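Observations on the three-dimensional arrangement
These are the residues of each chain, in order.
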Amino acid sequence: MDCLFCSIARGEIPSTKVYEDDRVLAFRDIDPKAPFHAVVIPKEHIPSAAAITPENSAIVGHIYEVIAEIARQEKLDKGFRVVTNCGEEGGQTVGHLHFHLLAGRNLGWPPG
Ligand code: 5GP
Ligand code: ZN
């Protein structure tokens, strides 16, 4: 299957890793939208948040544990934002479930 984030998860495309375990990889976004911007992905291919089911939803809880661990590791003490874009109007450009972890500036609300 031709999927950019599966290729990154397999190490075929290089990335700057922030965290890795057997199920999850986090790496620096190539086009950062904040001073700290990581992308957290399950190694398993899940197309989007719309494809979460009772069978695969456990990974989402684990990803949030990983996000808390990265926040400690990177000292994101002033706060951070987690964003999952889903589908065309949601702004998703890569068809592999991912969580943006953004920090290092006042991010504003609501998003544009
Ligand atoms: P989306 O737009 O689907 O919510 O998020 C995809 C993200 O992946 C974007 O923020 C984009 O900058 C990032 N991205 C796209 N291609 C690459 C790549 O080859 N390497 C890295 N590190 N990030 C990428
Ligand atoms: Zn994939």
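Note that this is a predicted model, so its numbers are computed, not measured.

**Here we look at the overall build of the protein chain**
On a plain count of helices and strands, the protein chain comes out with three helices and five strands. Secondary structure elements of the protein chain occur, N-terminal to C-terminal, as α-β-β-β-α-β-α-β. Here the C-alpha atoms of the protein chain give a radius of gyration of 14 Å, agreeing with the 13 Å that 2.2 N^0.38 yields for 112 residues. Seen along its three principal axes, the alpha-carbon backbone of the protein chain occupies a region of about 35 × 30 × 25 Å. Burial statistics for the protein chain: of 112 residues in total, 38% are counted as buried. Element-wise, carbon and sulfur atoms account for 53% of the exposed surface of the protein chain, whose accessible area totals about 6800 Å². Computed over 11 positive and 15 negative side-chain charges, the inter-centroid distance for the protein chain is 8 Å.

**With respect to the state of the cysteines**
Across all of its chains, the model carries zero disulfides by this definition. Its sulfur unpaired, Cys-86 is 14 Å from the next cysteine sulfur, which belongs to Cys-3. Owing to a relative accessible area of 32%, Cys-86 belongs among the partly exposed residues under this scheme.

**Thoughts on the nonpolar core**
One finds Val-24, Phe-36, Val-40, Ile-63, Ile-70 and Leu-101 to be the most contacted residues of the largest nonpolar core, which totals 19 residues. Mapped onto this core, the elements with two or more residues apiece are β1 (17-20), β2 (24-28), β3 (36-42), α2 (58-73) and β5 (99-103). Take this core: its biggest share by element is six residues, from α2. Look past the residues within four positions of Ile-70 in its chain and what remains in contact with it is Val-18, Tyr-19, Ala-26, Phe-36, Val-40, Lys-75 and Leu-101. Ranked by size, the runner-up nonpolar core spans ten residues in total, among them Cys-3, Phe-5, Leu-25 and Val-39.

**Considering the coordination of the zinc ion (ligand 2)**
Under ideal tetrahedral coordination, the four donors around a metal are separated by 109.5 degrees; under ideal octahedral coordination, the six donors are separated by 90 or 180 degrees. The coordination sphere of the zinc ion (ligand 2), as far as protein atoms go, consists of Cys-3 (SG), Cys-6 (SG), His-45 (ND1) and His-96 (ND1), spread over 2.0 to 2.3 Å. Coordination at the zinc ion (ligand 2) comes from four donor atoms whose angles at the metal span 107 to 116 degrees, giving a geometry best classed as tetrahedral. Counting residues between consecutive donors of the zinc ion (ligand 2) along the chain gives the motif C-x2-C-x38-H-x50-H. Looking at Cys-3, the relative accessible area reads 6%, which means it is buried.

Rules used in this analysis
Residues numbered from 1 in each chain as written. Chains lettered and ligands numbered in written order. Predicted model: local features only at pLDDT ≥ 70, side-chain atom pairs only at ≥ 80, totals over all residues. Heavy atoms only, no water. Helix = DSSP H or I, 4+ residues; strand = E, 2+ residues; numbered from the N terminus. Rg over C-alpha atoms; globule rule 2.2 N^0.38 Å. Buried < 20%, exposed > 50% of the residue type's maximum accessible area, 1.4 Å probe, protein only. Areas by Shrake-Rupley, 256 points an atom, 1.4 Å probe, with all protein chains shown as cover. Lys, Arg positive; Asp, Glu negative; His and termini not counted. Charge placed at Lys NZ, Arg CZ, Asp CG, Glu CD. Disulfide = S-S within 2.5 Å. Core = buried A, V, L, I, M, F, W, Y, C linked by side-chain atoms within 4.5 Å. Contact = heavy atoms within 4.5 Å. Donors = N, O, S within 2.8 Å, 3.2 Å for Na, K, Ca; no water. Tetrahedral: all angles 85-135°; square planar, octahedral: opposite > 155°, others 65-115°.

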